[in-house]
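Structural description and commentary
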Amino acid sequence: MNKLITLLFSIAITVWLSVFVTDSNLHIIACDVGQGDAILIQRKTSQILIDGGPSNKVLDCLGNYMPFWDRQIELVILTHPQEDHYGGLIDVFKTYKVLKFGQYNVKSSSQGYQVLEKLVGGKGVEGITLHKGMVIRLGMIYLDILYPPDGTQDRNANNDAVVSLLRYGQFEAIFMADVENQASDGISENTKIQNIDYIKVNHHGSRNGLSKKLLDVLKPKVAVISVGKNGYGHPDPTIIEMLKIVNVKTLRTDELGNIELITNGLGQFTINKIN
Amino acid sequence: MTLRINSLGFQLIGFSLLILIIFFRYFSEIPKYKNGDFVKITSRVYTEPIVYERQQYLTLQGLKIYLPKYPEINYGDTIIVTGTVDGNKLATGYVLKNPKLIKIEESNKLLYGLRQKLILFYKSSLPEPYASLVAGITIGSKNMPSSFWDKLKQTGTAHVVVASGTNVTMVASFLISILTYFFKRKLAVFITIAGIFVYVVLSGFDAPIIRAGIMGSIAFLAQSKGRLVGSYRLLIYSAVIMLLVKPLWITDLGFILSFVATLSLMLFQKIINAKLAFVPNILREGLSTSLAAQIGVAPIIYATFGAFNILSPVINALILWTVSYVMILGALGGIIGLIVPLVGRLILLIAFPFLWWFVEIIKIFG
């Protein structure tokens, strides 16, 4: 009898919890997935996930920020088919219902990527081929795809990575994926991207990533570097210095864990760091 | 002249004989690898491979094998691997160097697949780490985010994700109480034992669950014959049976801990429980169980890992009461979920507050 009462009590708590866990702000979370990228964009029960990091660590992050009963991600974007970006997506597609899967028209022959493709195909997820000029809308969230131009095929997968600009009310954020210097310079010529609020710094803060030219155009208020233990020297001191000189608040996932930005889209935002 | 030996003598002789056989079998079964041996192993995978960030780990024929994460190897598959034996670190056992996966043959046996399906259902119904916790508590799956697994170990609560005695007791008492409505006692006992067997296979062939399965089966069998078998004797029987079948278990940490913990529980739990009258009801059982088990287990943990958490009994007291709810809701939700996913998910969601409590406590102390 006691057990029955506890169970009824538990049902009541579950119902209350599920009513009270969401607010109506936009949340951008740079997940701490070690060396790799995984960015969760969430408003109420709508989510966009840009990349999945190298491993199932991304599930921890999704579990931490999504409502506990929400098993649906509206859009997953893979910026480019390298393991530190797609590895965790395999676990995401296995355990979440994903409505749409966007990527540029480059594939990889690696074993892990093949597993991902097969999984996505088997689940019947709708695929979208992303390229420059496209605009994706999810509720009040707009994503402008800035790069790569349709048809380009670079020998270096980093330079075919999907770069997107998020707009939510007056708030703007740019996600630079792993694109390198030359591509950065190219993107800086786009007139859409002046004075933005937030940048996900290219290529885990590698020297061959963010360019001075791009930074001068963007004039971001916050820069987030998604990086973990690695042998490449990421993030590079010159990039850190470059950001420091122009007074950009720089946050690193290897130092802070998950980095959450919250905004109402009316010109203000706050930052939460939760490990 | 007739030789007279009383029954105690018979038992003694029989017992020493068994020990001798185990001894003999141990030395004949111990793998004779040499450094640099090239080996080809064909074997069924009897424990769920542990998936790390970039690789999966399993042991076959006494060899530790690290393979790339994909293609995925599942519990129950039969695989062929080649590699060279590397025994440099004798303390950690033999490792298979440069392992190559030649072939995976998926099992067509129902039970192995059922485990896979259940785990996937849990992980598709609840977020991490709650999903892993349900999968761990109900069927002993140890594949979970590494940060959470580390916290479980730090707090001395990793044993909850090892299917063992509690689980078998719950499965058995659930089955027997339902079956006796429909069948004669004897048949009910028989089906219950079959049920225990199914549960053991479902939970993976780890030492603690096999021990619990054997102890439970013997106890029920004896009961159906109208006999009571003392718990100490049950423990010895199951140890002997297991070592006869697989003598290498004597060096398995899981095997040792399982037996020591059970013995510790039998010896001390009642005494400690009586002394803890001042502790609130809901926590007392957990605290006394944990304290009693720790008496035997703590020294072994300390000797093996060089550390153990002094607060562990307190942490255990705070979380153990949730385990039975999670187990019941997890099993019910899982089984129903395989047929009607939506209903199964709703049942699992009811377990959420218990899981949330468990995880928060672990976070505070971890």
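Since we're looking at a predicted model, the values are computed, not measured. (Residues numbered from 1 in each chain as written. Chains lettered and ligands numbered in written order. Predicted model: local features only at pLDDT ≥ 70, side-chain atom pairs only at ≥ 80, totals over all residues. Heavy atoms only, no water.)

Residue and element names in this part refer to chain B. Strand order in the open sheet formed by six strands is β1-β5-β6-β4-β3-β2, and the pairing between neighbours is mixed. Across the chains shown, the open sheet's two edge strands, defined by having one partner strand only, are β1 (38-44) and β2 (50-51). As judged from the two bridges shared by strand β4 (residues 63-68) and strand β6 (residues 94-105), these two strands associate in the parallel manner. Opposite L63, over in β6, you have Y94 as the bridge partner. (Pairing = 2+ DSSP bridges. Helix = DSSP H or I, 4+ residues; strand = E, 2+ residues; numbered from the N terminus.)

A few words on the interface of chain B and chain A. Interface size is commonly expressed as the accessible surface area that is lost when the partners come together. On the chain A side, the residues contacting the 25 residues of chain B number 27 residues. Together chain B and chain A conceal approximately 2,400 Å² of surface at their shared face, both sides included; 59% is due to carbon and sulfur atoms. Across the chain B-chain A interface, the total number found is three salt bridges. The partner of K94 of chain A in a salt bridge is E72 of chain B, and the shortest N-O contact between them spans 2.8 Å. Counting across the chain B and chain A interface gives ten residue pairs in polar contact (both at pLDDT 80 or more). Counting only elements with at least two residues in the side of chain B that touches chain A, the list comes to α2 (110-125), α11 (312-339), α12 (341-350) and α13 (352-365) of chain B. Sort the elements by how many residues they give to the side of chain B that touches chain A and α2 of chain B lands first, with four residues. Here the side of chain B that touches chain A is composed, by residue class, of 14 nonpolar, four polar and seven charged. (Contact = heavy atoms within 4.5 Å. Buried area = accessible area lost by both parts, 1.4 Å probe. Salt bridge = Lys/Arg side-chain N within 4 Å of Asp/Glu carboxyl O. Polar contact = N/O pair within 3.5 Å; in protein donor to acceptor, adjacent residues only side chain to side chain. Nonpolar A, V, L, I, M, F, W, Y, C, P; charged D, E, K, R; others polar.)

Quick look at the packing of aromatic side chains now. Following the criterion strictly, the structure yields 15 aromatic pairs over all chains and no others. With a centroid separation of 4.7 Å and an interplanar angle of 45°, the aromatic rings of F255 of chain B and F259 of chain B are classed as tilted. Placement of both F255 of chain B and F259 of chain B in helix α9 (residues 253-275) is noted, with a separation of four residues, approximately one turn of the helix. With respect to burial, F255 of chain B and F259 of chain B carry one shared label: buried. Seen from their ring centres, W321 of chain B and Y325 of chain B are 6.4 Å apart, and the 75° between their planes marks the pair as edge-to-face. With W321 of chain B and Y325 of chain B both in helix α11, this residue pair falls four residues apart, about one helical turn. Looking at Y325 of chain B, the relative accessible area reads 10%, which means it is buried. Note that R71 of chain A overlies the ring of Y96 of chain A, its terminal NZ or CZ placed 4.0 Å from the centroid. (Phe/Tyr/Trp six-rings, centres within 6.5 Å; stacked < 30°, edge-to-face > 60°. Buried < 20%, exposed > 50% of the residue type's maximum accessible area, 1.4 Å probe, protein only. Lys NZ or Arg CZ within 6 Å of the ring centre and 35° of its normal.)

A separate point is a nonpolar patch on the surface. All names here are of chain B. Residues F174, I178, Y181, F182, F183, L187, F190 and I191 make up a contiguous nonpolar surface patch of about 900 Å² in total accessible area. For the nonpolar patch, the elements supplying multiple residues, two or more each, are α5 (165-182) and α6 (185-202). Counting residues per element, the nonpolar patch draws most heavily on α5, which supplies four residues. Looking at the secondary structure, you find F183 in the loop between α5 and α6. (Patch = residues over 30% accessible without salt bridge, like charges linked within 9 Å, V, L, I, M, F, W, Y side chains within 5 Å. Areas by Shrake-Rupley, 256 points an atom, 1.4 Å probe, with all protein chains shown as cover.)

A separate point is the packing of α2 of chain B against α11 of chain B. Any two packed helices are characterised by how steeply their axes cross, that is the angle between the axes, and by the distance between the axes. Residues and elements named next belong to chain B. One can describe the packing of α2 onto α11 by two numbers: an axis separation of 10 Å at closest approach and a directional angle of 105°. Compared by their axis directions, α2 and α11 come out roughly perpendicular. For the pair α2 and α11, contact is made by L114, K117, L118, F121 and Y122 and by G330, A331, G333, G334, I335, G337 and L338, respectively. Of the residues assigned to the contact of α2 with α11, the class counts are seven nonpolar, four polar and one charged. (Axes fitted to C-alpha atoms, helices over the stretch in contact; angles between N-to-C directions. Parallel < 35°, antiparallel > 145°, perpendicular 65-115°, else oblique.)

What follows covers the sheet that holds strand β13 (residues 249-252) of chain A. All names here are of chain A. Pairing is mixed in the open sheet, where seven strands are placed in the order β7-β8-β9-β10-β11-β12-β13. Strands with a single pairing partner mark the edges of an open sheet, and in this sheet they are β7 (135-138) and β13. Each strand of the sheet is rotated relative to its neighbour by a mean of 20°, with strand direction disregarded. The pairing of strand β8 (residues 141-147) with strand β9 (residues 163-168) spans five bridges and is antiparallel. Residue Y147 lies in a different strand from β9, and its bridge partner there is V163.

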